[in-house]
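So the chains spell out like this:
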Amino acid sequence: MLAARFMDIGDLRLVQEDVPKPGPGEILIKVRASGVCGTDAHILKGESASTPPVILGHEYAGEVVEAGEGVTSFKVGDRVCVDPNIFCHSCYYCHSGKVHLCLNLTALGVDIDGGFAEYSVLPAAQAHLLPPNVSFAAGAFIEPVACCIRGLEQAQIRPGDEVAILGGGPIGLILLQLAAAAGGRVTVSEPVQSKWALAKELGAQRTVLPEQLAVDAFDVVIEAAGVKPAIEQSIKIARRGASVVWFGVSPQGMAAEIEPHEVYRKELRISGSFINPFTHSRAVKLVGSGAVRVEPLISHRYPLKDIHKALDVHSSGQASKVMIIFDD
Ligand SMILES: [Zn+2]
Ligand SMILES: [Zn+2]
């Protein structure tokens, strides 16, 4: 099978490998769609932790082609999406109910072989059944939607809140839909104006350039770009008593300048948001019901052999979601 294996910083290699065999409790899926994510780009640049050599791709969906010994939850032919994050269930955090903060967290497509390959083996417990009306491409979005649900939980939006989302990429536009569904009046800030129309279509009250955001104007601010200017701006545009969520994945080592006095005086609540604890099945329902629309977010589709081009287009900043699509 064809696979894209991360060997070392800057070295993502297309390789031909044997199709893996599912062990006890595992399933083998034929991958049908696999999303390119900012995390993949960060890993390739050495800005995010990973355990090479490893097949990247952690946002994917496919069809079960073989079930390992003891698997009763899935059968051949089932259409599934994948929750890539695997917890140890025995560390301090797992025992405290905060599994996503697990000290021994491993992830498909980050530490163990993932979805930039024609086939993938995974523990059956990591798979979720896709509703019949959800395409494989939409199924590959379930993981980022699940992460965004966590972000929404951290944001604690009340109906009528003025919400600013900094960044109109695919993550920003998923957060937008969830925030609007929670009753927020959402302003999306995005420097690339060609992305504004889609933001409006998906529920934004206003779309603006970053410099047009007013200070002290928002009850909730969600930073969804992972860049220094947006992090710094998130504090300035927050109202007194606001909630600020730093959702975007900033490169490891990046620093930002924050005035602590401003956080004190406005009594801001700043939170991070990490992966997707217990949000996956809700993400399946929201995409399945159409409450969160993900297919319009796909701007580019490539076969796996063009993975390098797909990553370049992703990094250009002009694309929305770049998706690797596999033939039948
Ligand atoms: Zn991702
Ligand atoms: Zn653990």
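Here's a quick rundown of the structure. Bear in mind that the values here come from a model prediction, so they are computed numbers and not experimental data. Here the residue index of a chain counts from 1 through its sequence in written order. Each chain is given a letter, starting from A, and each ligand a number, starting from 1, according to the order in which they appear as written. The model is predicted, so local features are restricted to residues of pLDDT at least 70 and side-chain atom pairs to those at 80 or more, both for listing and for counting; the totals for chains, interfaces and linings are taken over all residues.

## A few points about the sheet that holds strand 14 (residues 218-223)
- Paired strands, as defined in this entry, are two strands with at least two bridges between them according to DSSP. Only DSSP runs of H or I covering at least 4 residues are called helices, and only runs of E covering at least 2 are called strands; the numbering of each starts at the N terminus. One open sheet accounts for 6 strands, arranged 13-12-11-14-15-16; its pairing is parallel. In the strand order of this sheet, the two ends are held by strand 13 (206-208) and strand 16 (269-272), each with one partner. Adjacent strand axes in the sheet meet at a mean angle of 20° when their direction is disregarded.
- One ladder, built from 3 bridges, connects strand 12 (residues 185-189) with strand 13; its direction is parallel. The residue bridging Ser189 from the neighbouring strand is Val208, located in strand 13.
- Note that contacts rest on C-beta atoms placed from the backbone: two residues are in contact if these are within 7 Å. Structural elements are reduced to axes, namely lines fitted to C-alpha atoms, with helices fitted over the stretch in contact, and the angle between N-to-C directions of any two is expressed from 0 to 180 degrees. The strands that helix 7 (residues 228-236) touches are strand 11 (162-166), strand 14 and strand 15 (238-246); relative to strand 15, the one it contacts most, it runs at about 150°.

## Quick word on the sheet that holds strand 1 (residues 2-8)
- On the basis of which strands lie adjacent, the open sheet formed by 3 strands has the order 2-1-4 and antiparallel pairing. Single-partner strands in this sheet number two, and they are strand 2 (11-16) and strand 4 (54-55).
- Across 2 bridges, strand 1 lies against strand 4 in antiparallel orientation. When the bridges of strand 4 are listed, Phe6 appears paired with Val54.

## Comments concerning the nonpolar core
- Nonpolar core, as used here: buried Ala, Val, Leu, Ile, Met, Phe, Trp, Tyr and Cys residues forming one set through C-beta atoms within 7 Å. Whether a residue is buried, exposed or partly exposed follows from its count of other C-beta atoms within 10 Å of its own C-beta, namely 20 or more, 12 or fewer, or something in between, respectively; the C-beta atoms are built from the backbone. The biggest cluster of nonpolar side chains holds 96 residues, and the ones touching the most others in it are Val145, Ile165, Leu175, Leu176, Ile222 and Val287.
- Sort the elements by how many residues they give to this core and helix 4 (residues 142-155) lands first, with 8 residues.
- Each of domain 1 (2-141 + 294-325) and domain 2 (146-272) gives at least three residues to this core.
- Once you skip the residues sitting within four places of it in the chain, Ile222 turns out to touch Gly151, Ala155, Val163, Ile165, Leu175, Val245 and Phe247. As annotated, the domain borders come from an automatic or database domain assignment.

## As for the pairing of strand 14
- Of all 6 residues making up strand 14, 6 are buried, and the element is well covered by its neighbours.
- With 4 bridges connecting them, strand 11 and strand 14 associate as parallel partners. Bridge assignment links Ile165 to a residue of strand 14, and that residue is Ile222.
- Relative to strand 15, strand 14 is paired through 5 bridges, and the arrangement is parallel. Each bridged residue has a counterpart across the sheet, and for Phe218 the counterpart in strand 15 is Ala238.
- Following the backbone out of strand 14, through helix 7 and into the adjacent parallel strand 15, one traces a crossover that is right-handed. Classification remark: right-handed applies to a crossover when, strands pointing away from the viewer, the course from the first strand over the helix to the second runs clockwise.

## Quick notes on unusual backbone geometry
- Of note, the bond from Pro52 into Pro53 is cis; its omega dihedral lies within 30 degrees of zero at 0°.
- At Gln156, a residue that is not glycine, the phi angle is positive and equals roughly 50°.
- Its place among the elements puts Gln156 in the loop between helix 4 and strand 11.
- Gln156 gets classed as partly exposed once you count the C-beta atoms within 10 Å, which come to 14.
- Residue Phe278 is not a glycine yet carries a positive backbone phi of 60°.

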